[in-house]
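As a plain string of letters, each chain reads:
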Amino acid sequence: MTLTFEDFPPGHFGTFGPRRVTREEILAFAAEFDPQPMHLDEEAASKSMLKGLSASGWHLCAITMRMMFDGYIGRTASLGSPGVNELRWLAPLRPGDDLTLDIEVMEARVSRSRPATGIITFKALVRNAAGQLLCEMVSPIIVERRAGAAAGQAG
């Protein structure tokens, strides 16, 4: 079943995961995209403000996107996103962490310029197995409305 705008009322939408993150994938992502010492070298990382090897925040964002896609975006009539409104990295992602993603619909409104679509603003909260909040992201996506609902609104 394809999810449309009408399937996203404000409130808690779902919890997804867990998704384990390995040391090897942290090192591989960092080597290619964010080769800072705290993401690549145990000794350098232990001397950093992170106090140990941790994933790049961008790696955490990529994992979050994959979890969102697997959880709901992949079966949503999504037309894309105009961007990210807010992104905060709150604690380091460590090798061996099991991630859980909570999704909240903050706002859902019909587009004024394209009434056959709606704009849904999601808040994504990523936690490790201990419940520690690692990342918070607020981002809108544009989603098609059901044909009947869109036709009734346009008239």
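As the structure is a computational prediction, the values presented were derived from the model and not from experiment.

Cut-offs applied
- Residues numbered from 1 in each chain as written.
- Predicted model: local features only at pLDDT ≥ 70, side-chain atom pairs only at ≥ 80, totals over all residues.
- Heavy atoms only, no water.
- Helix = DSSP H or I, 4+ residues; strand = E, 2+ residues; numbered from the N terminus.
- Phe/Tyr/Trp six-rings, centres within 6.5 Å; stacked < 30°, edge-to-face > 60°.
- Buried < 20%, exposed > 50% of the residue type's maximum accessible area, 1.4 Å probe, protein only.
- Arc of directions from axis to C-beta.
- Contact = heavy atoms within 4.5 Å.
- Core = buried A, V, L, I, M, F, W, Y, C linked by side-chain atoms within 4.5 Å.

Once that is clear, we can look at the environment of Glu136. With respect to the helices and strands, Glu136 occurs in strand E6 (residues 133-144). In sequence terms Glu136 and Leu101 are 35 residues apart; their C-alpha atoms lie 9.8 Å from each other.

Turning to the packing of aromatic side chains, a few remarks are in order. What the rule picks out here adds up to nine aromatic pairs. Arranged with centres 4.9 Å apart and planes meeting at 90°, the rings of Trp58 and Trp89 form a pair that is edge-to-face. Placement of Trp58 in helix H4 (residues 57-71) and of Trp89 in strand E3 (residues 86-89) is noted, with a sequence separation of 31 residues between them. Through a chain of ring-to-ring contacts, three or more aromatic side chains come together here, namely Phe8, Phe13, Phe16, Tyr72 and Phe122.

To continue, consider helix H1 (residues 23-33). Among all positions in H1, only Ile26, Leu27, Phe29 and Ala30 are buried. Down the axis of H1, the buried set is contained in an arc of 165°. They therefore lie on one face. Summarising the geometry of H1, the exposed residues directed more than 90 degrees from the buried face are Glu24, Ala31 and Glu32. Contacts made by the buried residues of H1 are with helix H2 (37-40) and H4.

Let us now look at the nonpolar core. Formed by 28 residues in total, the largest nonpolar core has its most connected members in Met68, Tyr72, Leu93, Leu99, Leu101, Ile103 and Phe122. If you list the elements that add at least two residues to this core, you get H4, strand E4 (98-110), strand E5 (117-127) and E6. Apart from the residues lying within four places of it in its own chain, the contact partners of Tyr72 are Leu3, Phe8, Phe13, Phe16, Ile103 and Phe122.

With that settled, the discussion passes to unusual backbone geometry. With omega at 5°, the peptide bond leading from Gly17 into Pro18 counts as cis. Positive phi outside glycine occurs at Lys51, with the angle close to 60°. Inspection of the secondary structure puts Lys51 in the loop between helix H3 (42-46) and H4.

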